[in-house]
Amino acid sequence: MFENWQGMAFNQVPDSQNQIHGDKVAQAYGFKGGLVPGVTVSAYLIHPAVTTFGLEYLTRGSAHVRVNSPLYDGEEFSVGIVDQNDTSYSAHLLRSD
């Protein structure tokens, strides 16, 4: 029912007031570059629910998402379903490295 998928990360706010999303500040803190916002990473993780349930999920669904690792602009990733039933699933977002 829920399907794995893959994509390429996109940092839509490299010039945000939250400068961790820009390369200069992120690199000063030891990251490879600006961080893709957590809300975007969360959207990647709920993509399987949206494709399965459509608008109903977007208007009535809920999610619990935890971001454990940075994701960088242009980085390939995959969302893998690790457990599921008729109404819910657990997934991991795996970076290409």
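Residues numbered from 1 in each chain as written. Predicted model: local features only at pLDDT ≥ 70, side-chain atom pairs only at ≥ 80, totals over all residues. Heavy atoms only, no water.

**Comments concerning the sheet that holds strand β1 (residues 5-8)**
On the basis of which strands lie adjacent, the open sheet formed by three strands has the order β1-β2-β3 and antiparallel pairing. Every other strand in the sheet has two partners, leaving β1 and β3 (89-95) as the edge strands with one partner each. With direction set aside, neighbouring strand axes in the sheet form an average angle of 25 degrees. With seven bridges joining them, strand β2 (residues 76-84) and β3 adopt antiparallel strand pairing. Looking at the pairing, Asp-83 lines up with Ser-90 of β3. Packed on one face of the sheet, helix α2 (residues 38-53) meets β1, β2 and β3 and runs near 135 degrees to β3. (Pairing = 2+ DSSP bridges. Helix = DSSP H or I, 4+ residues; strand = E, 2+ residues; numbered from the N terminus. Axes fitted to C-alpha atoms, helices over the stretch in contact; angles between N-to-C directions. Contact = heavy atoms within 4.5 Å.)

**Topic: the nonpolar core**
One recurring pattern in soluble globular proteins is that nonpolar side chains are buried together. In terms of nonpolar packing, the biggest core is built from eight residues, these being Ala-9, Val-36, Val-41, Tyr-44, Leu-45, Leu-71, Phe-77 and Val-79. Elements supplying a minimum of two residues to this core: α2 and β2. In terms of residue count, the dominant contributor to this core is α2 (three residues). Non-local contacts of Tyr-44, meaning those with residues more than four positions away in its chain, are made with Trp-5, Met-8, Ala-9, Phe-10, Leu-71, Phe-77, Val-79 and Leu-93. (Core = buried A, V, L, I, M, F, W, Y, C linked by side-chain atoms within 4.5 Å. Buried < 20%, exposed > 50% of the residue type's maximum accessible area, 1.4 Å probe, protein only.)

**A word on the pattern of salt bridges**
Tallied over the entire structure, the rule returns four salt bridges. Notably, a salt bridge pairs Lys-32 with Asp-97, separated by 3.8 Å at the nearest N-O pair. Separated by 65 residues along the polypeptide, Lys-32 in the loop between α1 (23-28) and α2 and Asp-97 in the segment after β3 bring together distant segments of the chain. In this pair, the class of Lys-32 matches that of Asp-97, namely exposed. Here Arg-95 ties to Glu-75 by a salt bridge, and the two come within 2.9 Å at their closest N and O atoms. Within this pair, whereas Arg-95 is found in strand β3, its partner Glu-75 is found in the loop between α3 (55-60) and β2, the two being separated by 20 residues in sequence. On the basis of relative accessible area, Arg-95 is assigned to the partly exposed category, the value being 22%. Residue classification places Glu-75 among the buried residues on the basis of a relative accessible area of 8%. (Salt bridge = Lys/Arg side-chain N within 4 Å of Asp/Glu carboxyl O.)

**Re α2**
Taking 1.5 Å of rise per residue, 16 residues should cover 22 Å, and α2 covers 23 Å from first to last C-alpha, within 8% of that figure. By the largest-angle criterion, Ile-46 marks the main kink of α2, which is about 45 degrees, and a proline, Pro-48, follows within four residues. Buried residues of α2: Thr-40, Val-41, Tyr-44, Leu-45, Pro-48 and Ala-49, and no others. Contacts made by the buried residues of α2 are with β1, α3, β2 and β3. (Expected span 1.5 Å × (residues − 1). Bend = angle between axes of the 7 residues up to and from the residue.)

**Concerning the packing of aromatic side chains**
Inspection of every chain in the model, using the stated rule, returns five aromatic pairs. Look at Trp-5 and Tyr-44: their rings are 6.3 Å apart centre to centre, the planes differ by 75 degrees, and that puts the pair in the edge-to-face class. Note that Trp-5 is positioned in strand β1 and Tyr-44 in helix α2, a separation of 39 residues in sequence. A relative accessible area of 22% places Trp-5 in the partly exposed class. Judged by relative accessible area, which is 12%, Tyr-44 ranks as buried. Geometrically, the ring pair formed by Tyr-44 and Phe-77 is stacked, given 4.5 Å between the ring centres and 25 degrees between the ring planes. (Phe/Tyr/Trp six-rings, centres within 6.5 Å; stacked < 30°, edge-to-face > 60°.)

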